[in-house]
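What follows is each chain in one-letter form.
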Amino acid sequence: MPSPELIAACRELRKTQTKAEAILWSRLRNRQLNGYKFRRQHPVAGFILDFFCPEASLAIEVDGEIHKDKETKEYDLERSRILAENGIRVLRFWNFEVETETEKVLVLIAKAVDDSSLKL
């Protein structure tokens, strides 16, 4: 069970989403992508995932410039490793990709979600 602090952080992040997160959420919410349910700013394994599809055990992260920093890259790798140990795959996109190539991003997400459903 997530801590009250983690839940509060999730709620705050939902209120202050980036432009890229807002664009992606507008296309993922309400089962718009192949009928799959997505959650945003969702706590899993002590982390807050930008988007999470529980049916496909798929996390989607939308990264800004800070993720180019060496320390942040290392943190992201460790985080992805821990999530993988918990059976969760992680897809990462840059903010500019979501903002300028939204359809391409959605195709990649749909493929990842559909591929995972074949393993069920």
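Computed from a prediction, not measured in an experiment: that's the story for all the values here.

About the criteria used
- Residues numbered from 1 in each chain as written.
- Predicted model: local features only at pLDDT ≥ 70, side-chain atom pairs only at ≥ 80, totals over all residues.
- Heavy atoms only, no water.
- Helix = DSSP H or I, 4+ residues; strand = E, 2+ residues; numbered from the N terminus.
- Buried < 20%, exposed > 50% of the residue type's maximum accessible area, 1.4 Å probe, protein only.
- Contact = heavy atoms within 4.5 Å.
- Areas by Shrake-Rupley, 256 points an atom, 1.4 Å probe, with all protein chains shown as cover.
- Lys, Arg positive; Asp, Glu negative; His and termini not counted.
- Charge placed at Lys NZ, Arg CZ, Asp CG, Glu CD.
- Expected span 1.5 Å × (residues − 1).
- Arc of directions from axis to C-beta.
- Pairing = 2+ DSSP bridges.
- Axes fitted to C-alpha atoms, helices over the stretch in contact; angles between N-to-C directions.

Enquirer: I'm lost on the overall build of the chain in this one. Help?
Expert: What the chain contains, in helices and strands, is 5 helices and 4 strands. With respect to the three principal axes, the spread of C-alpha positions in the chain is 35 × 30 × 25 Å. A burial count over the chain gives 39% of its 120 residues as buried. Put simply, of all contacts in the chain between residues at least 6 apart along the chain, 60% involve residues at least 24 apart. In the structure as shown, the chain presents an accessible area of about 7200 Å², 55% of it carried by carbon and sulfur atoms. Between the averaged position of the 20 positive side-chain charges in the chain and that of its 20 negative side-chain charges there is a distance of 6 Å.

Enquirer: How should I be thinking about helix H3 (residues 70-85) in this particular structure?
Expert: Along an α-helix, residues three or four positions apart point the same way, because every turn accommodates 3.6 residues. Its 16 residues give H3 an end-to-end C-alpha distance of 23 Å, which sits within 8% of 22 Å, the value for a rise of 1.5 Å per residue. Residues Thr-72, Asp-76, Arg-79 and Leu-83 constitute the buried set of H3. Axial view of H3: buried residues confined to an arc of 65°, hence all on one face. Away from its buried face by more than 90 degrees, H3 exposes Lys-70, Glu-71, Leu-77 and Glu-85. Looking at the buried residues of H3, the elements they touch are strand E1 (39-44), strand E2 (47-53), strand E3 (58-63) and strand E4 (89-94). In the segment just after H3, Gly-87 is the residue with positive phi, at about 80°.

Enquirer: Any chance you could explain helix H2 (residues 19-28) here in plain terms?
Expert: Among the residues of H2, those classed as buried are Ala-20, Glu-21, Leu-24, Trp-25 and Leu-28. Along the axis of H2, the buried residues cluster in a sector spanning 125°; they form a single face. Among the residues trailing H2, Asn-30 stands out with phi positive, at a value near 55°.

Enquirer: Hey, could you run me through the sheet that holds E2 in this one?
Expert: Two orientations exist for strands paired in a sheet by backbone hydrogen bonds: parallel and antiparallel. If you trace the 4 strands from one edge of the open sheet to the other, you get E1-E2-E3-E4, paired in mixed fashion. Each edge of the open sheet carries a strand with a single partner, namely E1 and E4. Sheet twist, expressed as the average angle between the axes of neighbouring strands with direction ignored, equals 45°. Of the pairings in the sheet, the one linking E2 to E3 comprises 3 bridges and is antiparallel in character. Bridge assignment links Cys-53 to a residue of E3, and that residue is Leu-58. In the packing of helix H1 (residues 4-15) onto the sheet, contacts are made with E1 and E2, and the angle to E1 comes to roughly 160°.

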